[in-house]
Amino acid sequence: MKCLITGASSGIGKDMAKYLSTLGHEVILVSKDKIKLESASKNIKNSSIFLCDLSKENELNELCKFILKEKPEVVINDAGFGAFGDYTEVSVDKEINMIMVNVVALHKITKTCLKYMENNNYILNVASIAGVLPGGPLLSTYYATKSYVRSYTLGLYEELRRNKSKVSISSLCPGPVDTNFNKVAGGHFSINSKTSEYVSKYAIDKMFKRKVLIFPGIDVKLGYIFGKLLPYKLVLKVLYKIEHKKR
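Rules used throughout
- Each chain carries its own residue numbering, running from 1 in the direction its sequence is written.
- This being a predicted model, a pLDDT of at least 70 is required before a residue's local features are given, and a value of 80 or more before pairs of side-chain atoms are given or counted; all residues contribute to the totals for chains, interfaces and linings.
- To obtain the side-chain values, all non-hydrogen atoms of the structure were included, while hydrogens and water were left out.
- Basic side-chain nitrogens of Lys or Arg form a salt bridge, by our definition, when they fall within 4 Å of a carboxyl oxygen of Asp or Glu.
- Under the DSSP-based scheme used, a helix requires at least four consecutive residues in state H or I and a strand at least two consecutive residues in state E, with every element numbered from the N terminus.
- Burial classification: accessible surface area is computed with a 1.4 Å probe over protein chains only, and a residue below 20% of its type maximum counts as buried, one above 50% as exposed, and the rest as partly exposed.
- Side-chain atoms within 4.5 Å are what join buried Ala, Val, Leu, Ile, Met, Phe, Trp, Tyr and Cys residues into a set we call a nonpolar core.
- We call two residues contacting when some pair of their heavy atoms lies within 4.5 Å.

Enquirer: I'd like to hear about the pattern of salt bridges, residue by residue, with values.
Expert: Counted under the stated rule, the structure contains six salt bridges. The residue Glu-70 makes a salt bridge to Lys-2 at a minimum N-O spacing of 2.8 Å. Remark: Lys-2 occurs in strand β1 (residues 2-6) and Glu-70 occurs in helix α3 (residues 57-70); sequence separation between them is 68 residues. Residue Lys-2 is classed as buried on the basis of its relative accessible area, which comes to 17%. For Asp-219, the salt bridge identified is with Lys-194, shortest N-O distance 2.7 Å. One end of the pair, Asp-219, is in helix α8 (residues 218-229); the other, Lys-194, is in strand β8 (residues 194-195), and 25 residues separate them in sequence. With a relative accessible area of 43%, Asp-219 lands in the partly exposed category. Look at the salt bridges and you will find they share partners, linking Glu-158, Arg-161 and Arg-162 into a network.

As C-alpha cells, this is what we get:
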C-alpha cells in the first residue's frame, strides 16, 4: 500500500512511517522541515518526501492536489502542535496557526481522501486523550482542536458505515508521549510518558483492525472513563493541577 503521513519528520509520525515501511508499504513523508524530513527519509526504506507547511493555505492546497494525483491507500494526519500557557500568555496568532494545522489541514486532507478512497483504504486522524476530556486549562486551544479531531472522525465513521463504505477511519487518542511536543508547546510532562515507537506500532496495528477510537494503554483508557464519569468541573480542576506542574 501507498501511505502518506503528515508530521513525519519526527515523533509519532516518523515512527509510524518506519513501522509501515517494515511491513512492506511505500511511505510518503510530509513536513515543513526539509532537513529533518530528508534525514528521516534516509533511514526509512521505500520512502519519499513532500515538503509542506500545513499552516499556509497555498501549500496545503498543493498537498491536496498531490494526494488526488497519488491516491495513497493509507493517509495519517499526525501533524499538530500545542502552546502551553494561560490565555493571557499565548498569542492569538499562534493559536490561529494551531487551529490551521490541527483542525483545518486535517479536515481538508480527510475530505480530499474521501473523494477517491475505496475498499480497504484507511484514514487515521491523530487526536489525543485531551480530545475526550472536558477541556484543558493552560492548553485550552490544543484541547479544543483535539476534541474537534475526535468528534469529526466519529461523525464521519457513522456516515461511512451508513453508506456501506469499506473505507476505515480511526482516531488515535494517546496520553503523554515522549516526543518533541513539550519543547514546541513550552512545557514538560509531569507524569510518565509512553515511547513514540510503542504508540506508533499500537496505533497502526489497531488501524488495520478498523478500530475507531484507539487508546494506547490501560491508563489512557481509564483516563477516558474517568473523564466521562466524574463531574466536569472536578475534572477541570484536576487537569489544571496536572498542566500547572508543567511550568
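Don't stop here, the text continues.
Enquirer: A description of the nonpolar core should follow, citing residues and the corresponding values.
Expert: Leu-4, Leu-54, Leu-63, Ile-109 and Cys-113 are the most contacted members of the largest nonpolar core, which totals 48 residues. Of all the secondary-structure elements, those providing two or more residues to this core are β2 (26-31), α3, α4 (92-113), α5 (140-162) and α9 (232-244). Counting residues in each nonpolar core, the second largest holds 25 residues, with Ala-8, Tyr-122, Leu-172 and Ala-203 among its members.

Enquirer: I'd like a description of the environment of Met-98, backed by residues and values.
Expert: Checked against the element boundaries, Met-98 lands in helix α4. Look at Met-98 and you get buried, because its relative accessible area is 1%. Here the alpha-carbon distance between Met-98 and Lys-45, two residues 53 residues apart in the chain, equals 31 Å. Beyond its immediate stretch of four places on either side in the chain, Met-98 contacts Phe-81, Gly-82, Ala-83, Val-103, Thr-141 and Tyr-142.

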